[in-house]
Amino acid sequence: SYNDLHGSIPVTIGELGNLLHLVIENCNLTGTIPPLLGNLTKLEQLDLENNFLTGSIPDLRTLTDLIELDLENNALNGRIPESLGQLTNLQTVVLKDNPKLYGSKPKGLCDRDGLVIYVDCTYSNANNCSNLK
């Protein structure tokens, strides 16, 4: 983190099948989150906070080992994917400060004990904000 990187996340990152932690925060990255991140099936931590990423959150349902998802403070848009509810190991989800994200907390996350979800309802236009932190 805090490397003065520029440009987008290369699609070839999806070839790193044994990767456990992907932390690229505060790096001035632009572009979209590559759908090929779904190939990183052993990934436990995906932290892309504080960049300039745009587009929607891709389908990450294949990341069954994912424990932490942090996409805070980017320019992501679209609906919060329902597929996040299928990630049974997920303990932390941070989506706040993405003004154009919308939707409710995905089913499957609603009644999970110990799960921490941060979605800033003021900026994200998220429904069912009473269930969100």
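Owing to the predicted nature of the structure, the values given are computational and were not obtained by experimental measurement.

> Tell me about the overall build of the chain, and please be specific about residues and values.
The helix and strand inventory of the chain stands at one helix and nine strands. For the chain, the succession of helices and strands along the chain, N to C, is β-β-β-β-β-β-β-β-β-α. Partitioning the contacts of the chain with sequence separation of at least 6, the portion at a separation of at least 24 is 42%. Accessible surface for the chain amounts to roughly 6,800 Å². Of this, 48% is attributable to carbon and sulfur atoms.

> Summarise the pattern of salt bridges; cite the residues concerned and give the values.
Per the stated rule, a full pass over the model turns up two salt bridges. Two residues, Arg61 and Asp59, come together in a salt bridge whose shortest N-O distance is 2.8 Å. By relative accessible area, Arg61 is classed as partly exposed at 39%. For Asp59, a relative accessible area of 38% translates into the label partly exposed. In this structure, the salt-bridge partner of Glu72 is Lys96, at a minimum N-O distance of 3.9 Å. Residue Glu72 is found in the loop between β5 (68–70) and β6 (75–79), and its partner Lys96 is found in the loop between β7 (92–94) and β8 (100–102); the two are separated by 24 residues along the sequence.

> Lay out the sheet that holds β8 with the relevant residues and their values.
Ordered in space as β2-β4-β6-β8, the four strands form an open sheet in which the pairing is parallel. The strands lining the two open edges of the sheet, one partner per strand, are β2 (30–32) and β8. On average, each strand axis in the sheet is inclined to that of its neighbour by 30 degrees, with strand direction left out of account. Relative to strand β4 (residues 52–55), β2 runs parallel, the two sharing three bridges. When the bridges of β4 are listed, Gly31 appears paired with Leu53.

> Describe the pairing of β6, and please don't skip the residues or the numbers.
Every regular strand shows the same layout, with side chains that alternate between the two sheet faces. Note that β4 and β6 share two bridges and pair parallel. In the strand pairing of β6, Gly55 is matched with Leu76. Across three bridges, β6 lies against β8 in parallel orientation. Within β8, the residue paired with Asn77 across the bridge is Lys100.

Analysis parameters
Residues numbered from 1 in each chain as written. Predicted model: local features only at pLDDT ≥ 70, side-chain atom pairs only at ≥ 80, totals over all residues. Heavy atoms only, no water. Helix = DSSP H or I, 4+ residues; strand = E, 2+ residues; numbered from the N terminus. Contact = heavy atoms within 4.5 Å. Areas by Shrake-Rupley, 256 points an atom, 1.4 Å probe, with all protein chains shown as cover. Salt bridge = Lys/Arg side-chain N within 4 Å of Asp/Glu carboxyl O. Buried < 20%, exposed > 50% of the residue type's maximum accessible area, 1.4 Å probe, protein only. Pairing = 2+ DSSP bridges. Axes fitted to C-alpha atoms, helices over the stretch in contact; angles between N-to-C directions.

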